[in-house]
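Structure assessment
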Amino acid sequence: MSQITLTFPDGATRNVEAGTTAGMVAESISKSLAKKAISAQVNGAHHDLAWPIEHDATIAINTMQDEAPALELIRHDLAHVMARAVQEIWPDVKVTIGPVRDFGWFYDFDRAEPFTPQDLGEIEQRMKQIIAARDEVRTEVWSRADARAHYEAAGEPFKVELIDRIPGDEPIRMYWHGGWQDLCRGPHFQNTGQIPADAFKLTRVSAAYWLGDSKRPQLQRIYGIAFRNRDDLKAHQKFLEEAEARDHRRLGREMDLFHMQEEAPGQVFWHPNGWTIYTVLQDFMRRKQRADGYVEVNTPQVVDRKLWEASGHWDKYQDHMFIVEVDEEHAREKAVNALKPMNCPCHVQVYNAGLKSYRDLPLRMAEFGSCNRYEPSGALHGIMRVRGFTQDDAHIFCTEEQIEAECARFINFLASVYHDLGFERFDIAFATRPEKRVGSDESWDHVENALEAAIRSTGNPYRVEEGDGAFYGPKLDFYLTDAIGRVWQCGTFQVDPNLPERLGATYVGEDGEKHRPYMLHRACLGSFERFIGILIENSAGRLPFWLAPRQVVVASIVSDADDYVTEVVEKLRRAGVRAEADTRNEKINFKVREHSVGKVPVILAIGRQEVENRTVTLRRLGEKTTRVVSLDEAAGEIGAEATPPDLR
RNA sequence: GCUGCUGUAGCUCAGAGGUAGAGCACUCCCUUGGUAAGGGAGAGGUCGAGAGUUCAAUUCUCUCCAGCAGCACCA
């Protein structure tokens with residue numbers, strides 16, 4: 001037997017025989033450690049205590065105190081325990097895969113009947129019995145052929161397919177929890193009793209395609225959540241409740257921002273409050289774009305299919321376009337049109353009107369472009385994913401040499417916009433050339449290098465997504481993380497030499513010859529609809545003051561104050577504040593409660609004293625205290641706050 | 001689009017094979033009250049749409065529409 005050297009986190013080393021397991025190592029250190037050990041990090045990778053270590057390595061023994069590995073084992077073993085429970089109750093159910101995810105795990109099953117909520121309760125009870133049984137967990141590494149034969153005999157076709165998909169150099173690990181067996185990469189606990197029985201819950205059941213492919217069979221997926229203890233589980237359930245309270249669909253109703261209805265699925269009826277947010281945001285973007293050298297255009301909604309055929313979209317996206325056929329009786333000729341699903345082809349038409357010189361480039365053409373896409377019904381979600389929306393779109397026509405500078409310029413622009421809107425951090429994903437693509441490798445090299453150099457010059461971190469670019473060019477996607485940790489793709493920047501080619505865009509170069517410009521598709525917010533949804537959820541409805549649809553309510557305490565209330569409202573309005581009067585015959589408690597629920601950031605209360613002293617009593621949303629200030633002071637202070645950040 | 005669930009008053013939800021109820025909101029009256037719900041009265045619904053079963057359907061069945069959760073999709 002050869003010796004290997006293990007290095008511990010404190011730098012100490014120990015020589016052991018090759019093939020020693022992490023469990024044996026823990027045992028040799030102390031009895032108590034062996035008792036507490038659950039797994040190990042071997043060369044940084046998560047290792048089962050039962051796996052032999054064959055080479056020199058660094059090693060750290062994990063206990064339940066180590067959150068990440070502990071949670072992984074808990075969730076991973078629960079996936080197996082759940083699959084076992086299901087097969088014990090319904091032996092004919094086929095098992096597939098069950099990975100750890102988010103706050104728990106899921107497992108996909110093949111079963112003719114759907115699982116019901118009652119079934120989930122039954123499965124949960126059975127899982128608790130399995131945990132209580134403290135069944136030993138055993139691993140064996142099998143040959144591919146044996147494992148395959150085993151699952152074929154067991155009538156588990158999905159497992160057979162999984163084995164065929166495991167890369168050749170990976171060991172095939174077979175696990176037993178008591179008498180129940182599963183194929184799994186591991187690692188696992190040493191027995192099922194190590195799983196906390198009171199810190200997990202089965203949450204829901206739904207359908208999912210096998211291997212994520214809508215052409216493959218649809219399986220039933222059961223989701224569970226799990227933590228190290230009951231308190232963590234409770235804390236998570238509370239977190240979910242809070243998330244629900246900031247759902248933009250709920251706040252949209254409570255704050256009277258918008259509604260949607262059956263007659264226009266996936267489209268928004270903006271109410272005055274919501275439309276205020278929309279227009280304030282649009283005014284802001286318009287100023288920002290002007291300042292950054294964009295020109296603004298506007299293009300048609302209904303466009304003949306010929307243009308979409310020329311752009312190539314008809315071929316690929318016809319099923320997702322709203323088609324408008326004009327009746328012959330009312331038209332000069334029968335025409336098939338589509339509501340524009342995107343603005344790019346129309347912008348090329350504007351570009352193509354009149355000869356362009358190299359002196360005109362880069363030409364930054366912006367449009368608050370209203371688009372309609374016939375999104376699949378299951379994709380719709382509040383105002384976040386809709387069928388009618390408006391992009392803060394722009395296309396930059398430029399030469400290949402100008403791409404790098406334009407890209408850097410856009411990243412800085414986006415950073416400035418996001419900063420003003422209260423998002424300090426964003427992530428950049430750099431998607432590179434896919435397998436199937438057009439254009440020469442030299443051109444791809446050049447454009448990819450330009451983008452990467454541009455990101456570097458701005459100093460922002462980024463990650464590379466190999467092969468994720470469009471067939472015609474690489475792209476950047478910009479992601480925001482909201483207040484409850486959800487990630488949203490908003491901004492995008494795409495390099496496109498293809499559309500100018502298809503639609504015949506040219507410019508006259510210094511040499512007097514016609515050349516092909518590049519087209520850079522870019523959006524900062526993405527769409528107003530989605531971005532406002534994100535703003536609402538991120539702020540839980542308490543939008544930054546300058547964006548709040550209702551900024552100040554001036555509430556009377558006695559009716560004798562009504563005239564002064566009107567004066568205060570008018571003064572605030574002159575200062576650029578969205579102020580309204582509330583002189584209803586209601587108590588101040590009632591008014592404060594109602595406007596607080598309505599997320600109005602500032603309430604000014606006016607009683608006899610305020611009238612007499614020409615003051616206001618100011619209360620801010622979320623605060624219990626009030627302040628008495630002079631009317632002039634209040635107007636100055638609130639007026640300054642109401643100023644959009646780019647005008648300060 | 002797929003799987004499952006849901007659809008009753010503006011909102012949140014009860015209800016039952018014999019054409020409907022609560023709370024809040026709304027309207028009116030009383031109350032002028034100092035920082036998160038003052039009191040009283042009233043009005044309000046083709047029970048998502050269509051078809052079928054039945055003496056009788058909002059309730060049972062089917063189809064469609066929309067919403068919700070997840071999957072797939074997102075130029």
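Refer to the preceding data block for the structure.
Residues numbered from 1 in each chain as written. Chains lettered and ligands numbered in written order. Predicted model: local features only at pLDDT ≥ 70, side-chain atom pairs only at ≥ 80, totals over all residues. Heavy atoms only, no water.

**What to know about the environment of Glu262**
Convention followed: For the purposes of this entry, the term helix denotes a DSSP run of H or I that reaches at least four residues, the term strand denotes a run of E that reaches at least two, and both are numbered from the N terminus. Relative accessibility thresholds used throughout: buried, under 20% of the residue-type maximum; exposed, over 50%; partly exposed, between the two (1.4 Å probe, protein chains only).
Residue position: Glu262 is located in the loop between strand 16 (258–259) and strand 17 (269–270). With a relative accessible area of 77%, Glu262 lands in the exposed category. Separated by 335 residues in the primary sequence, Glu262 and Val597 have C-alpha atoms spaced 28 Å apart.

**So, the layout of surface pockets**
Inclusion rule: Lining residues are those with an atom within 4 Å of a point, where the points come from a 1 Å grid over the protein atoms alone and group into cavities, where a 1.4 Å probe fits but cannot get out, or pockets, open sets with protein on both sides within 12 Å along at least five of seven lines. Grid points are joined across faces, edges and corners, and a volume is the space filled by probe spheres set on the points. Only Asp, Glu, Lys and Arg are considered charged, only Ala, Val, Leu, Ile, Met, Phe, Trp, Tyr, Cys and Pro nonpolar, and every remaining residue, Gly among them, polar.
Computed from the structure, the largest pocket encloses a volume of approximately 1,400 Å³. As for the largest pocket, its lining consists of 42 residues, of which Tyr317, Met342, Arg373, Gln391 and Gln494 are closest to the centre. Of all the elements in the fold, those that place two or more residues in the lining of the largest pocket are helix 10 (305–311), helix 11 (313–317), strand 23 (388–398), strand 26 (475–481), strand 27 (487–496), helix 15 (498–502) and strand 30 (518–527). No other element matches the six residues that strand 30 contributes to the lining of the largest pocket. Residues of the lining of the largest pocket, tallied by class, amount to 16 nonpolar, 13 polar and 13 charged.

**Describing the pairing of strand 27**
The two faces of the sheet receive side chains in turn, since in a regular strand these alternate between them. For clarity, the cut-off: Pairing between strands is defined by DSSP: at least two bridges between them are needed.
Of all ten residues in strand 27, eight are buried, a share of seventy percent or more. The pairing of strand 26 with strand 27 spans seven bridges and is antiparallel. Considered in strand 27, the bridge of Tyr479 is made with Gln489. The turn joining strand 26 and strand 27, which pair antiparallel and follow one another in sequence, is formed by five residues; a positive phi near 85 degrees is taken by Gly485. Judged from the five bridges that link them, strand 27 and strand 30 form a sheet pairing that is antiparallel. Each bridged residue has a counterpart across the sheet, and for Phe493 the counterpart in strand 30 is Arg522.

**Looking at the sheet that holds strand 20 (residues 323–326)**
For clarity, the cut-off: Interaxial angles span 0 to 180 degrees and are taken between N-to-C directions of axes, which are lines fitted to C-alpha atoms, for helices over the stretch in contact.
Strands sit in the order 19-21-20 across an open sheet of three strands; the sheet is antiparallel. Among the strands making up the open sheet, the edge pair consists of strand 19 (302–304) and strand 20. Taking each pair of neighbouring strands and ignoring which way they run, the sheet shows an average axis angle of 40 degrees. Looking at chain direction, strand 20 and strand 21 (residues 335–339) are connected through four bridges and run antiparallel. Considered in strand 21, the bridge of Glu325 is made with Val336.

So, to be careful, I would describe these as geometric facts and stop short of saying anything about function.
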